[in-house]
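# Coordinate inspection notes
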Amino acid sequence: MRGELTAKGRATRRRIVEGAAAVLRERGVATTTLDDIMARTATSKSQLFHYFPAGKDELLVEVARFEADQVLEDQQPQLGRLDSWEAWQEWRDVVIERYETQGDQCPLGSLFLQIGRSTPGTRSIVVELLRQWQESLAVGIRSLQASGRLPADLDAETRAAALLTAIQGGVTILLSTGRSTHLRAALDQGIADLRHAGTAAR
């Protein structure tokens, strides 16, 4: 159906997805109803089912896709150009600023703790998000290897996976406590470990 939508239809569909994402961040999957989403987006029941014939499950998949895209977009362009230590520091600052500002409304928290657990369709989106995010970090590490800043035998995938895990843990603690101390520590230690590996090799 998506290919048949007019520009106005696509805009309406996106408005419903964005509104649903906001409601789900605030209320969670378990307590959010279609009535809540219709009220937030000023959408009628017939209009909602026109764009999402399968109902809430279909809408959840689209919200998960929207939130996953948002997680990666929030880190750009820094995430896509991790080719120097200065660039890594800039990316680190962007990540911390984003999650401190977004707080409970961050798309990562909504996706991991709420929407991503709801259906197999949303889980696959979380898996793909993690794959893309880890690969972006690994590309950055390999870029440092290519320029001689890191040893060629460093396992880029393992380092990227560890850094991504540390970020997720830091964000989870931030969402629970309102404090970014652990997220800052995770990023700073992860980058410091990379730099140490480069210094040790030289």
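### A few points about helix α8 (residues 156–177)
Compared with an ideal rise of 1.5 Å per residue, which puts 22 residues at 32 Å, α8 spans 31 Å between its outermost C-alpha atoms and is within 8% of the ideal. Within α8 the residues assigned to the buried category are Ala-156, Ala-160, Leu-163, Leu-164, Ile-167, Gly-170, Val-171, Leu-174 and Leu-175. Viewed end-on, α8 has its buried residues packed into an arc of 135°, placing them on one side of the element. Projecting away from the buried face of α8 at angles above 90 degrees are the exposed residues Thr-165 and Ser-176. The opening residue of α8, the one whose side-chain oxygen lies 3.2 Å from the backbone nitrogen of Glu-157, is Asp-155. Phi turns positive one or two residues past the end of α8, at Gly-178, with a value near 80°.

### Considering the pattern of salt bridges
Evaluation of the coordinates by the stated rule reveals 14 salt bridges. When the shortest N-O distance is used, the salt bridge between Arg-14 and Glu-18 registers 2.8 Å. Here Arg-14 pairs with Glu-18, and both are found in helix α1 (residues 7–27), just 4 residues apart, close to one helical turn. Among the residues examined, Arg-14 registers a relative accessible area of 49% and is labelled partly exposed. For Glu-18, a relative accessible area of 35% puts it in the partly exposed group. In this structure, a network of salt bridges that share partners links the residues Arg-13, Glu-62 and Arg-65.

### Examining the nonpolar core
Grouped together as the largest cluster of nonpolar side chains are 58 residues, with contacts concentrated most on Leu-59, Trp-88, Trp-91, Tyr-99, Leu-108, Trp-133 and Leu-137. Here the element with the most residues in this core is helix α4 (residues 56–73); it accounts for 9 residues. Once residues lying within four places of it in the same chain are set aside, the contact partners of Trp-88 are Leu-82, Leu-137, Gly-140, Ile-141, Leu-144, Leu-163, Ile-191 and Leu-194.

About the cut-offs
One numbering rule holds for all chains: residues counted from 1, following each sequence as written. Restriction of local features to residues with pLDDT of at least 70 applies here, the model being predicted, together with a cutoff of 80 or more for giving and counting side-chain atom pairs; totals for whole chains, interfaces and linings are based on all residues. Excluding hydrogens and water, the side-chain values take into account all heavy atoms of the structure. Put simply, DSSP H or I for four residues or longer makes a helix, DSSP E for two residues or longer makes a strand, and each gets a number counted from the N terminus. For a helix, the expected span equals 1.5 Å multiplied by the residue count minus one. A simple rule labels every residue: compare its accessible area, found with a 1.4 Å probe on the protein chains alone, to the largest value its type can have, and call it buried under 20%, exposed over 50%, or partly exposed in between. Comment: arc refers to directions from the helix axis out to C-beta atoms. Under this definition, polar contacts are N or O atom pairs within 3.5 Å; protein pairs additionally need one hydrogen-donor-capable and one acceptor-capable atom, and for neighbouring residues in sequence, both atoms have to be side-chain atoms. The term salt bridge refers to a pairing of a side-chain nitrogen on Lys or Arg with a carboxyl oxygen on Asp or Glu at a separation within 4 Å. Here, nonpolar core means buried Ala, Val, Leu, Ile, Met, Phe, Trp, Tyr and Cys residues that are tied together by side-chain atoms lying within 4.5 Å of each other. In what follows, residue pairs with any heavy atoms lying within 4.5 Å of each other are defined as contacts.

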